[in-house]
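So you can see what is in the structure, the chains are spelled out below.
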There are 2 protein chains.
Amino acid sequence: MSAKPFSSVWTRARKGGREQGLSRDQIVRAAVELLDAEGLDALSMRKLGARLGAGATSLYWHVANKDELIELVMDEVYSGVVVPEAAGWREAASVFAYAMRQAVFDHPWSASLIGVVPALGPNALTASDRLMGAFVRAGFEGIDVDYAMTAVVSYTLGATIPEVAFISSLKASGTSMTELQAAVDPIMTKLASDRPNLLERYQSYAQQDFDPLVARRLAFEFGLMALLDGLGTRLRGVSG
Amino acid sequence: MSAKPFSSVWTRARKGGREQGLSRDQIVRAAVELLDAEGLDALSMRKLGARLGAGATSLYWHVANKDELIELVMDEVYSGVVVPEAAGWREAASVFAYAMRQAVFDHPWSASLIGVVPALGPNALTASDRLMGAFVRAGFEGIDVDYAMTAVVSYTLGATIPEVAFISSLKASGTSMTELQAAVDPIMTKLASDRPNLLERYQSYAQQDFDPLVARRLAFEFGLMALLDGLGTRLRGVSG
DNA sequence: ACACTACTCGCACACTGTTCGAGGTGACCT
DNA sequence: AGGTCACCTCGAACAGTGTGCGAGTAGTGT
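Residues numbered from 1 in each chain as written. Chains lettered and ligands numbered in written order. Predicted model: local features only at pLDDT ≥ 70, side-chain atom pairs only at ≥ 80, totals over all residues. Heavy atoms only, no water.

Undergrad: Looking at this structure, how should I read helix 9 (residues 196-207) of chain A?
TA: Helical periodicity: at 3.6 residues per turn, an α-helix aligns residues three or four positions apart in one direction. Between its first and last C-alpha atoms helix 9 of chain A spans 17 Å; for 12 residues at 1.5 Å apiece the expected length is 16 Å, and the two agree. Restricting attention to buried positions, one finds in helix 9 of chain A the residues Leu198, Leu199, Arg201 and Tyr202 of chain A. Buried residues along helix 9 of chain A sit in contact with helix 8 (177-191) of chain A together with helix 6 (122-138) and helix 7 (144-173) of chain B. (Helix = DSSP H or I, 4+ residues; strand = E, 2+ residues; numbered from the N terminus. Expected span 1.5 Å × (residues − 1). Buried < 20%, exposed > 50% of the residue type's maximum accessible area, 1.4 Å probe, protein only. Contact = heavy atoms within 4.5 Å.)

Undergrad: Looking at this structure, how should I read the domain arrangement of chain A?
TA: Where interface size is given, it is often the accessible area lost as the parts come together that is meant. Residues and elements named next belong to chain A. Assigned domains within chain A: domain 1 (18-63) and domain 2 (78-174 + 210-239). For domain 1 versus domain 2, the separation of C-alpha centres amounts to 30 Å. With 4 residues of domain 1 at the contact, the number on the domain 2 side is 5 residues. A buried area of about 390 Å², summed over both sides, lies between domain 1 and domain 2, and 72% of it is on carbon and sulfur atoms. In terms of surface lost to domain 2, no three residues of domain 1 exceed Leu35, Asp36 and Leu40, which account for 86% of the buried area on that side. Run the count over domain 1 and domain 2 and you get 0 salt bridges. Our count for the domain 1 to domain 2 interface comes out at 2 residue pairs in polar contact (both at pLDDT 80 or more). Residues belonging to the side of domain 1 that touches domain 2 are distributed by class as follows: 3 nonpolar, no polar and 1 charged. (Domains from an automatic or database assignment. Buried area = accessible area lost by both parts, 1.4 Å probe. Salt bridge = Lys/Arg side-chain N within 4 Å of Asp/Glu carboxyl O. Polar contact = N/O pair within 3.5 Å; in protein donor to acceptor, adjacent residues only side chain to side chain. Nonpolar A, V, L, I, M, F, W, Y, C, P; charged D, E, K, R; others polar.)

Undergrad: What exactly am I supposed to notice about the packing of aromatic side chains here?
TA: Here the distance between the centres and the angle between the planes together describe a pair of aromatic rings. Residues and elements named next belong to chain B. Using the criterion set out here, one finds 12 aromatic pairs over all chains in the structure. Where tyrosine 98 meets phenylalanine 220, the ring centres are 5.2 Å apart and the plane angle is 85°; that geometry is what we call edge-to-face. Of the two residues, tyrosine 98 is situated in helix 5 (residues 89-106) and phenylalanine 220 in helix 10 (residues 212-239); the sequence distance between them amounts to 122 residues. Residue tyrosine 98 is classed as partly exposed on the basis of its relative accessible area, which comes to 22%. Ring plane angle 20° and centroid distance 5.7 Å describe the contact between tyrosine 155 and phenylalanine 220, whose orientation is recorded as stacked. (Phe/Tyr/Trp six-rings, centres within 6.5 Å; stacked < 30°, edge-to-face > 60°.)

Undergrad: I'm lost on the relation of the copies chain B and chain A in this one. Help?
TA: The pair of chain copies shares a relation made of a rotation about an axis and a shift along it. When chain B is brought onto chain A, the operation consists of a screw motion whose angular component is 180° and whose axial shift is 0.0 Å, with 0.0 Å RMSD remaining. In the structure described here, the two chain copies are related by an operation that fits a two-fold rotation axis. Interface overlap between copies: 100% of the residues of chain B at the interface are likewise at the interface in chain A, consistent with a symmetric, same-surface contact. (Least-squares fit on C-alpha atoms with pLDDT ≥ 70 in both.)

Undergrad: Please explain a nonpolar patch on the surface as it appears in this structure.
TA: All names here are of chain A. Together, Phe210, Val214 and Leu218 give the surface a local cluster of nonpolar side chains, amounting to about 230 Å² of exposed area. With respect to the helices and strands, valine 214 occurs in helix 10 (residues 212-239). For valine 214, a relative accessible area of 40% puts it in the partly exposed group. (Patch = residues over 30% accessible without salt bridge, like charges linked within 9 Å, V, L, I, M, F, W, Y side chains within 5 Å. Areas by Shrake-Rupley, 256 points an atom, 1.4 Å probe, with all protein chains shown as cover.)

Undergrad: Where do I start with the UniProt feature "DNA-binding region" (unreviewed entry) in chain A in this structure?
TA: Within this numbering scheme, the UniProt entry marks residues 44-63 of chain A as carrying the feature "DNA-binding region" (unreviewed entry). End-to-end, the C-alpha atoms of residues 44-63 of chain A are 14 Å apart, and along that stretch the chain is 55% helix and 0% strand. (UniProt positions renumbered as here; feature names shortened; annotations may be inferred.)

Undergrad: I would appreciate a short explanation of the interface of chain B and chain A in the present structure.
TA: Listed by partner, the interface residues are 64 residues for chain B and 64 residues for chain A. Across the interface of chain B and chain A, roughly 5,500 Å² is buried in total on both sides, 70% from carbon and sulfur atoms. Counting the contacts that link chain B with chain A gives 4 salt bridges. Between aspartate 229 of chain A and arginine 234 of chain B there is a salt bridge, and its shortest N-O distance comes to 3.0 Å. Our count for the chain B to chain A interface comes out at 14 residue pairs in polar contact (both at pLDDT 80 or more). Taken together, the elements giving at least two residues each to the side of chain B that touches chain A come down to helix 6, helix 7, helix 8 (177-191), helix 9 (196-207) and helix 10 of chain B. In terms of residues, the side of chain B that touches chain A owes the most to one element, helix 7 of chain B, which gives 18 residues. In terms of residue class, the side of chain B that touches chain A is made up of 40 nonpolar, 16 polar and 8 charged.

The structure is reproduced here in C-alpha cells:
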C-alpha cells in the first residue's frame, strides 16, 4: 500500500524564486498551448520541455509532478468562466453555464479532466464565489444555497463533458458526420432491434437532416431552463 | 497527422471463435476485477495477462487494443443500471439516476471515463431505451423526448462524476476527512479572503459537523427533484 | 497425412514519469 | 575580492507502458 498523503498544488506553499529562466506561469502557458494544439495524450514532460527550450527534468523544479501541472493547467481553463458580480441568480447561473460550456469547448482536452481533478485554484474559486453570491442574494437560505448551486454546476458539467468528448473524438479521428452514421448504422439496426424506442428515434433522425451540433445546443438550453425553473419554485416556496 | 478512422468495439464485427482458452468475456471480467481492486492506473495489459495466466500480447487476439477493452469494461458498468420497463417517467428517471450513481460508486475508476468513452454497448443502449420509453409514454413529443432525457442523464453524470472522483481520491491517498480539512484550511482562509461568499459558507461548515457524504446525497436528491419538476411543467405545457 | 484456422507469446521498439546527483550561476556577506 | 549558499538546469538511468511482428502450437475438417 503506497498511500501518499493528500496533496494538491494549491495546498503547498509556493517557492519564492528569483524569477529567471523558466517560470511556473511560463510552463503552464506552454502546456495549455501544447494541449490545445495536440490534445491530452500529446502532453509529455519531454515534449513540453523541448517546446520551452529546456530539458524535461528542469520542469520538476517548478512543478512537483505531472498531476500538479495538470491542476494548474485546469485552473487556466476556469479563467475563461467569468460570472457577473451583481446579477440576478438566473442570469448568473445562465452566464456561468454557457461560459463553462464554452471554456471546455475552447480546451477540449479538459473534458476528460474536469470533474476529476480537484478545482481549488484561484480562478475556479472565484467563479464559485460569484455564483454562490448570486444564489445568496436571491434568497436561497442555509444549505439550499449549496444544493441549488451544485445542481447548476452538475448539470453543466454533465451536459458539456460528453458533448465535447464526442465532437473532439470525431475531430481527432477525422471522421465526418456522415461517415460516422455509416459506421453506427449497422450496429444500430442490429442491436436496437429489441430496443424499440431507441430504434424509432434513431431512424427519425436519419431522415431529417437536423444539424446535430445545433440540436445539442438546444438540448443544453432546454435542460438548463427546466432546472432553473425547478430551482425557482423552491426559492419561492421558502421566501413567500 | 495520424488521424485514424473512427472505430469502436461496437462498430466492428466480432470474430467467431472456438471459445477455448482465453475469451473476450473472461478478459473483461478479469479487467473489472483488477480495476475494482486497484484502480485505473493499475490496469495494464501485462498485469491483466498475468492475472489470467497468459502472456500480455495474447489479449490482442481478443481485443483490438486497450481503448476497446475499456469500452467493453465500461459497458459492464452500465450493466448495473437497470431501468424498470413499465414505470412513470418520474419514477423511471429517478431509478435511472440513482442506479447510475450507484454503478459509478461501485466502480469508482469509471468516474474518469464515463462521459468520455463512447457508450454504444448493449447495456448502455438498453438503459437508454428503457428511459426513453418512459418519456415517450409520458407524452413528451418530438425532439423534447431527447431533450428531457438528455437533461436527466446530464445532471446525473455531472453530479456523480465529481463526487465519486473526490471520495475515491481521498480513499486512494488514505486521507481522512479531518486531515483533508487541515490541508485545505490554510488555502481557504488565504485565497478566500476576497471571496466572501465562499469563505462564509466554508466557515459555517467547519463549525457544524454535518457528514459531507450525507450532504452530497441530499444535494443529489434536491437537484434531481428540481430538474424533474422543471421537466414536468414542460410536459404539462404541451399535453394540456 | 495434410492443410488450415485459431490462437499464444517472446522479443523489440519507442515512449512514458520521475529520481538522483553533478554541475552552474548569480546574489549577498565579510 | 573571495567565499558561501540558495536557486536552478539537466543528462543518465530506471521501471514501466502499449503494441507490431513473426515464429510457434494445437485442434478441426478432409
